[in-house]
Amino acid sequence: MSGIFSANSDNIERAAQLIRTGKLVAFPTETVYGLGASAYEATAVARIFEAKNRPTFNPLISHIAHTDFLNGYAYTDDRVLALAKRFWPGPLTFVLKRKDLSPALDLASAGLPTVTVRMPNHPVALHLIESSGVPIVAPSANRSQSISPTTAQHVWQSLGERVDMILDGGSCTVGVESTIIDLTGPQVVMLRPGGLAKEDIESFLNEPVLLSAGNPDLPSSPGQMLKHYAPAHPFRINVTHPEPDEFFIGFGNIGADAPLNLSPRADLCEAASHLFDYMHRADEQTHFQKIAMAPIPNTGLGLAINDRIRRASYRQ
Ligand code: TXA
Ligand code: MG
């Protein structure tokens, strides 16, 4: 039933039902349209990356409707709560230390010990999040490398039937993505300039906000900023015959009797949804000194999976 639907109350309720059952819904925010899924439905999160044709797993922004929700989700402090009180709902996103360690959230966090959160200033987005009863992760609702969508038609042109429902709430008023600040350290670091000016944050906090660009100690883009999760155990990829001392993670027929298999039916979405959880589990087991993983086909989501495991297997 994909297509564009006017964002009236009935359609928002239908959209919330879709979110709860692991489907993808594109919805308006004040910045750009987001391609949303429940943060807790890892297979739906994997479908976001597939629909966007993203060759890597970026961590996604969780959209919430109440600041109270942060309590179980992330570690907060007075500075976080003051910024939320002043600028939410609005185009400001926080990177925080992750408190909710459910494996279902691993893909949305790209395996990182952080979560990225914002409260959008749009009645349709807030209604949808509230009715869904879950945080909604949403990158901009466009194919990778193409321009960000500010109307429902842009979303349809870019993603078409890859989205289960597009809620049309008119044009986005801000039109650029949210400003992202990292609040995990003592100093506030801006990872992406966006809809809220740096000066507004500085004058409110009465302290400087560091720019990640131009500071030699800090990488210049969110992508580079990411410390990728890598297992502590030596990790070998593209393995068809594991050594006896290797904990094996299979895929499809390879490793059918392995202790973990990313997807016995060789489904790349299912494999992506398990990837970070299984890498963590393999790392936590104590019976093997090494980890090995079966080959993953390099098509569709396999590109993102291979990108990630290649980095994780890299050792100096
Ligand atoms: O305005 C917006 O922020 C829109 C609307 C839909 O809310 N969303 C959006 O999401 O722009 P996305 O996924 O297109 O951009 C989020 C950026 C990515 O570049 C990602 O790498 C970065 O934020 N990011 C997310 N979590 C991060 C983290 N924990 N550390 C560093 N960078 C992070
Ligand atoms: Mg984007």
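Residues numbered from 1 in each chain as written. Chains lettered and ligands numbered in written order. Predicted model: local features only at pLDDT ≥ 70, side-chain atom pairs only at ≥ 80, totals over all residues. Heavy atoms only, no water.

## Quick look at the sheet that holds strand β11 (residues 210–211)
For clarity, the threshold we go by: Think of it this way: DSSP has to see at least two bridges between two strands before they count as a pair. Helix and strand definitions here come from DSSP, where helices need a minimum of 4 consecutive H or I residues and strands a minimum of 2 consecutive E residues; each element is numbered from the N-terminal end. For this analysis, residues touch if any pair of their heavy atoms sits within 4.5 Å. Convention adopted: a line fitted to C-alpha atoms gives each axis, helices being fitted over their contacting stretch, and angles between N-to-C directions are expressed from 0 to 180 degrees.
Taken together, the 11 strands give an open sheet; going across it, the order is β1-β8-β2-β3-β7-β4-β6-β5-β9-β10-β11, and neighbouring strands pair in mixed fashion. In this open sheet, the two edge strands, each paired with only one partner strand, are β1 (4–6) and β11. Packing of helix α1 (residues 9–20) onto the sheet brings it into contact with β1, β2 (25–27), β3 (34–38), β7 (136–137) and β8 (165–168), and relative to β8 it is tilted by some 145°. Along the sheet, helix α4 (residues 78–87) contacts β5 (92–97) and β9 (179–182); its crossing angle with β5, the most-contacted strand, is approximately 160°.

## Describing the environment of Thr 179
Here is the rule we go by: Each residue's exposure class comes from its accessible area (1.4 Å probe, protein chains only) as a fraction of the maximum for that residue type: buried when under 20%, exposed when over 50%, partly exposed otherwise.
In this structure, Thr 179 sits in strand β9. On the basis of relative accessibility, which here comes to 0%, the residue Thr 179 falls in the buried class. Each C-alpha atom of the pair Thr 179 and Arg 118 lies 9.9 Å from the other, and the pair is 61 residues apart in sequence. Leave out the neighbours within four places in its chain, and Thr 179 touches Pro 91, Leu 92, Thr 93, Met 190, Arg 192, Pro 193, Gly 194, Gly 195, Leu 196 and Ile 201.

## Digging into the packing of aromatic side chains
Definition in use: Geometry of aromatic contacts follows a simple scheme: Phe, Tyr and Trp rings, the Trp one being its six-membered ring, pair when their centres are within 6.5 Å, and the pair is stacked under 30 degrees between planes, edge-to-face over 60, tilted otherwise.
Counting across every chain of the model gives 7 aromatic pairs. Between Phe 49 and Phe 57, the aromatic rings sit 5.0 Å apart at their centres with planes inclined by 85°, giving edge-to-face as the arrangement. Here Phe 49 and Phe 57 have matching classes, each one buried. Ring centres of Phe 87 and Phe 204 lie 5.6 Å apart, and the angle between their planes is 80°; on these two criteria the pair is classed as edge-to-face. With Phe 87 in helix α4 and Phe 204 in helix α7 (residues 198–205), this pair connects stretches of sequence that are 117 residues apart.

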